[in-house]
Amino acid sequence: MKRALFPGSFDPITLGHYDIIQRALDLFDEIVVAIGVNNEKNSMFTAEKRKEFIEKAFEKEPKVRVTTYSGLTVDYCKEIDAQFILRGLRNPADFEFEKAIAHTNRKLSGIETVFLLTASRTSFISSSIVRDVIRNGGDYTVLVPDSVRIE
């Protein structure tokens with residue numbers, strides 16, 4: 001079974017994340033969307049709420065599983081028997097940052113990272129932009145899947 005881990009904070013999941021997961025479904029038997037829990041990071045949404053947003057977005061897709069984890073991503077890959085790490089790239093700066101992490105992960109564990117370029121229609125979206133729009137009362141709904149709704 002080809003299992004990929006798609007790690008991130010997903011605070012919240014964006015249409016860019018959603019697009020990467022959808023397109024990766026043809027490449028892998030299972031995609032584990034793993035919400036990294038970092039107690040030092042000030043998140044807008046709890047890990048439970050972020051997990052709920054993602055599960056609802058993919059509720060009809062049996063190949064997607066959502067979990068939380070802490071610690072090194074490669075250690076979690078070994079724990080769940082994931083052979084690949086999935087990452088999305090929006091721009092050249094993302095590539096330079098992600099390349100260094102991918103080389104480190106391969107050196108530490110032998111796990112390969114698979115990069116997918118974001119679709120041009122979502123390449124400008126980041127979770128930090130979405131959070132800023134939310135904080136300032138803007139229409140965030142055009143940037144996230146329908147499952148992300150704030151009451």
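From a predicted model like this one, the values you see are computed outputs, not experimental measurements. (Residues numbered from 1 in each chain as written. Predicted model: local features only at pLDDT ≥ 70, side-chain atom pairs only at ≥ 80, totals over all residues. Heavy atoms only, no water.)

Before we go on, may I ask you to explain the UniProt feature "domain: Cytidyltransferase-like" (unreviewed entry) in the chain in this structure?
The positions UniProt marks with the feature "domain: Cytidyltransferase-like" (unreviewed entry) are residues 5-132. Counted over residues 5-132, helix gives 41% and strand 23%. Its end C-alpha atoms are 27 Å apart. (UniProt positions renumbered as here; feature names shortened; annotations may be inferred. Helix = DSSP H or I, 4+ residues; strand = E, 2+ residues; numbered from the N terminus.)

Just to check I follow, could you spell out the side chain of T113 for this structure?
Turning to its location among the elements, T113 is positioned in strand β5 (residues 112-117). Overall, T113 belongs to the buried group, its relative accessible area being 16%. In this view, T113 contacts I85, R87 and A102; residues no more than four positions away in its chain are not counted. (Buried < 20%, exposed > 50% of the residue type's maximum accessible area, 1.4 Å probe, protein only. Contact = heavy atoms within 4.5 Å.)

Teacher, can you tell me more about the pattern of salt bridges here?
Pairing is possible between side chains of opposite charge, provided their charged atoms come close. Per the stated rule, a full pass over the model turns up 12 salt bridges. Note that E30 and R3 form a salt bridge whose closest N and O atoms lie 2.4 Å from each other. Of the two residues, E30 is situated in strand β2 (residues 30-36) and R3 in strand β1 (residues 3-8); the sequence distance between them amounts to 27 residues. Connected through salt bridges with shared partners, the residues R3, E30 and R65 form a single ionic network. (Salt bridge = Lys/Arg side-chain N within 4 Å of Asp/Glu carboxyl O.)

What am I meant to see in the pairing of β1 here?
Sheet faces and side chains relate simply in a regular strand, where the side chains alternate between the two faces. Counting buried residues along β1, 5 of its 6 residues qualify, which places the element largely inside the surrounding structure. The pairing of β1 with β2 spans 6 bridges and is classified as parallel. What sits directly across from P7, in β2, is A34. Once you follow β1 into helix α1 (residues 15-24) and on to β2, the crossover reads as right-handed. Inspection of the sheet shows β1 paired to strand β4 (residues 84-89) by 2 bridges, in the parallel sense. Its bridge partner lying in β4, L5 is registered against I85. (Pairing = 2+ DSSP bridges. Right-handed = clockwise from strand over helix to strand, strands pointing away.)

When you look at α1 in this model, what are you seeing that I'm missing?
Every α-helix winds through 3.6 residues per turn, so residues three or four apart in the chain are directed the same way. Every buried residue of α1 is accounted for by G16, H17, D19, I20, I21 and A24. For α1, the secondary structure elements touched by its buried residues are β1, β2, β3 (64-69), β4, β5 and α5 (127-135). Two to three positions downstream of the cap, the backbone nitrogen of G16 sits 3.1 Å from a side-chain oxygen, assigning the N-cap of α1 to T14. (Polar contact = N/O pair within 3.5 Å; in protein donor to acceptor, adjacent residues only side chain to side chain.)

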